[in-house]
Structure formats: structure tokens, C-alpha cells
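Survey of secondary and tertiary structure
In case you want the letters, here they are:
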Amino acid sequence: MVSPFAIGGSAPYAWSLGATSPLPAGLTLTAVGNPGTVSGTPTYTGLTGSLSSKLLSDGALQVTIPSTYVGTLGLLRMAVTTPTPGGGTSSEAQLGVYGPEPRIVSVVNSASYAAGTVAPGELITIFGTGLGPTTLAVYDPNSWTLPLTLPSPAPPPPAGVTLVQFNVNGVLVPAALIYTSAGQIGAMTPFEVAAAAAVQMIVTYSGLTSTTYPLSVASQVPGIFSADGSGKGQGAILNYNATTNDYTINASANAALKGSIIVLYATGFGFTNPASTSTNWAAANVDTATPAAVTIGGQAATVVSGVPAGSFPGVLQLNVTVPGTATTGKAVPVTVSFGGITAQTGITMAVK
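Let us look at the structure shown here. (Residues numbered from 1 in each chain as written. Predicted model: local features only at pLDDT ≥ 70, side-chain atom pairs only at ≥ 80, totals over all residues. Heavy atoms only, no water.)

Remarks on the layout of surface pockets
In this structure, the second largest pocket encloses a volume near 190 Å³. Lining of the second largest pocket is provided by 13 residues; of these, Asn239, Tyr240, Asn241, Ala255 and Leu257 occupy positions nearest its centre. Of all the elements in the fold, those that place two or more residues in the lining of the second largest pocket are strand S23 (238-241) and strand S24 (246-249). (1 Å grid on protein atoms, 1.4 Å probe; cavity = no way out; pocket = protein on both sides within 12 Å on 5 of 7 lines; lining within 4 Å. Points joined across faces, edges and corners; volume = space filled by probe spheres on them. Helix = DSSP H or I, 4+ residues; strand = E, 2+ residues; numbered from the N terminus.)

Some remarks on the sheet that holds strand S11 (residues 123-129)
An order of S9-S11-S17-S16-S12 is seen for the five strands of this open sheet, with the pairing classed as antiparallel. Looking at strand neighbours, the two that pair on one side only are strand S9 (103-109) and strand S12 (137-138), the edges of this open sheet. Bridge count for S12 against strand S16 (residues 176-180) is two bridges, and the pairing is antiparallel. Bridged to Val138 within S16 is Tyr179. (Pairing = 2+ DSSP bridges.)

Description of unusual backbone geometry
In this model, Thr84 is joined to Pro85 through a cis peptide bond whose omega is -5°. Inspection of the secondary structure puts Pro85 in the loop between strand S6 (81-82) and strand S7 (88-89). Residue Leu150 is joined to Pro151 through a cis peptide bond whose omega torsion reads -5°. Its place among the elements puts Pro151 in the loop between strand S13 (149-150) and strand S14 (162-168). Here Asn245, not a glycine, exhibits a phi torsion of approximately 60°, which is positive. Relative to the helices and strands, Asn245 is located in the loop between S23 and S24.

Observations concerning the nonpolar core
One broad rule of soluble globular proteins: the nonpolar side chains tend to lie buried together. If you look at the biggest cluster of nonpolar residues, it comprises 32 residues, and the most contacted ones within it are Ile126, Val164, Phe166, Met201 and Phe312. Taken together, the elements giving at least two residues each to this core come down to S9, S11, S14, S16, strand S17 (184-188), strand S18 (198-205) and strand S20 (213-217). In this view, Phe312 contacts Leu123, Tyr139, Leu146, Ala176, Leu177, Ile178, Met188 and Val307; residues no more than four positions away in its chain are not counted. Counting 26 residues, the second largest nonpolar core, distinct from the first, contains Val307, Ala326, Val334 and Val351. (Core = buried A, V, L, I, M, F, W, Y, C linked by side-chain atoms within 4.5 Å. Buried < 20%, exposed > 50% of the residue type's maximum accessible area, 1.4 Å probe, protein only. Contact = heavy atoms within 4.5 Å.)

Re the side chain of Ser110
Among the secondary structure elements, Ser110 is positioned in the loop between S9 and strand S10 (117-118). The exposure class assigned to Ser110 is buried, which follows from its relative accessible area of 19%. Within the local environment of Ser110, its side chain forms a polar contact with the side chain of Thr125, the two groups lying 2.9 Å apart. Here Ser110 is in contact with Leu123, Ile124, Thr125 and Phe225, once residues within four sequence places are set aside. (Polar contact = N/O pair within 3.5 Å; in protein donor to acceptor, adjacent residues only side chain to side chain.)

Observations concerning the packing of aromatic side chains
Under the definition given, this model contains four aromatic pairs. Between Tyr139 and Phe312, the aromatic rings sit 4.9 Å apart at their centres with planes inclined by 85°, giving edge-to-face as the arrangement. On the criterion of sequence distance, the pair formed by Tyr139 in the loop between S12 and S13 and Phe312 in the loop between strand S29 (299-306) and strand S30 (316-321) is long-range, its members being 173 residues apart. Judged by its relative accessible area of 4%, Phe312 falls in the buried class. Between the aromatic rings of Phe191 and Phe271, the centroid separation amounts to 6.1 Å while the plane-to-plane angle is 20°, which identifies the pairing as stacked. Linking Phe191 in the loop between S17 and S18 with Phe271 in the loop between strand S25 (261-267) and strand S26 (272-273), this pair joins segments that are 80 residues apart in sequence. The buried category is assigned to Phe191, whose relative accessible area is 7%. (Phe/Tyr/Trp six-rings, centres within 6.5 Å; stacked < 30°, edge-to-face > 60°.)

Quick look at the structure:
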């Protein structure tokens, strides 16, 4: 069963099918309500037949798909049959046929790349196709509000803007955007998602809207930012020199001293204190509602955390004192947790 829902307009909503795009035999559409309902069991197998192919090697086959097969949105189901003796038919491969509308492939934590669950205020990365303009558009950090659409200001027609929304208990809540492009969007999960155990996300670009993408909701989904953006290995960590007030990049050739202060960054920590909103700059002296705990080389560290003033409320800066009992090395493990929920493993730093 599929449940499409309407965006905008006024209730009551009525659903209908175009004359050129009927449902397959066996399926019916509920005509009134929001969401609507498509239910039943298809009784029509669609177009069938053999495809022309060319054997490239024992493990590769080049197949030509007729243009008539990709004129309708849906799935193409393909199997390979080899001749007897010893032949047989493979399991089916399903190939999606998509239109020009945005298509969401995956949604992950921007720091850890954990997928499937979001937390209030978490920075997320959306991967897909048709999500935005071919030229990267980013938010203006000098603005006092966080953008809900990008590019901002909107370009003249026929170009369009990207909008990311979360359906929270039937209410569409926009997400603040960091950047957008055709294949990738950076956004901040609205704090309002905390009102639901699960939400649905949609992306709109140039007036075309994606299908819904389901996500679970948790109080925290922490992630530590890494130096190379992979979510593992050397952390995006700075060494702080209290004498000179200088910052340098922590690396194997520039290790932190025991007892010194390092700076690292995380997201997915949940609510801030005092509370931040999804659209306004974080005020001064904003910290986490749930305190952060950090270990370096398995040793508990002293932490002073806070949301950098003027930053997205979903980014947390942690000023951490390297324990005097921490191990030394070029890849000493670092952990960050909030309320017993730990960020991804595999983040390291250099200690001497």
C-alpha cells in the first residue's frame, strides 16, 4: 500500500489519475483524503520480451534496453537465461526508471555518515539526483538568519530553488540549508522532529517534489567530524597554544601535548541549552542540553563545550584537555558521547 500526501492547497483533497497514466490492473486509488491510498495487487506483468545483448566476457553482458521500456516511471525487472545443458535463469535485477523530479538516494549524518536516524539539530547530508542546481549554491555566513531555500536570493525563472521539508505528524517543517547542488545537499534537521518517533523527508527543486524518504528520530545521533571528511581516521582537531592563542592542525607531524587543549567538532547532539531554533543564529553562551563526555586513549578528559556564536546550532565545539595519562602515538582513539550515546568509532588524534 502506498500513501501519497499533498503539499499546500486547501482541504478536502481529491486524488485522480491522468488518462495517460492509469494504475496497473488490480490497483485502486482512494479519491478523497490526505494522505491518499493506493492499494491492491497488480495483475498485469507489463511489457515482456527478450532483449538484444552482447557477451563481453564470462562475467559481463552488454544489454540494450528499448526506449519504449523507459517511457513510463517504475521498475524494469530483468533476468538472464543461459542455454542448456547446464543453463538456467538468474534471479531478477530491478532497474528504476525515474523522471526529472528530485530523487533521494540516502540521508546520512554529515560527520559520521550514519544513516537511517536523525536527531534534532543534526547536520545531515542528502545524496541523490536532481536535488538542486548544477552549480553549487551555499548560504551566506554573514546573514543573521539560516536559509530555508537555496540559492538565496532565488534566481530568475526558469531556474529554481531547493527546499527540504520534514513531515512531522502531518505538519511540513522546513530545514535550514547549508548548501545545495544537483547531487548533494547539506542541511540541518529541524528541532521540531523531536515531536515524532519517525518522519518523512521530501526535497523540492524548481517546483518538482521528490517521493517521501522515511527516517527514524532519536534524541541524539552524535558524529565527530574527521579531517578528510570520511567520518574516520584523523579527526578535524586543532591544537591550542594557550601562551600565544594560536591554533594549529593536529596531525601525526604536529601532535598535541598531554595537558594541552585541543578543539574538535561534533553534530547530532540534540537540543541546545538555551534552546535554539532551526532558522535563527545561535545566541551567545549556548551549550548542549545533554553534557558531552570525551575520552582520549581510553582516558576521560575534561570538556568545555558550546555552540560557536554565529554558527549553525547543530555544530558543537568541544575544547578538551588532553589527559596526562593518555597514551602517546600518531593515532590515539578519541570518543565523544552524549547521555551514554557514543559517536562513531575510528576517530583518532596525535598525542605526544
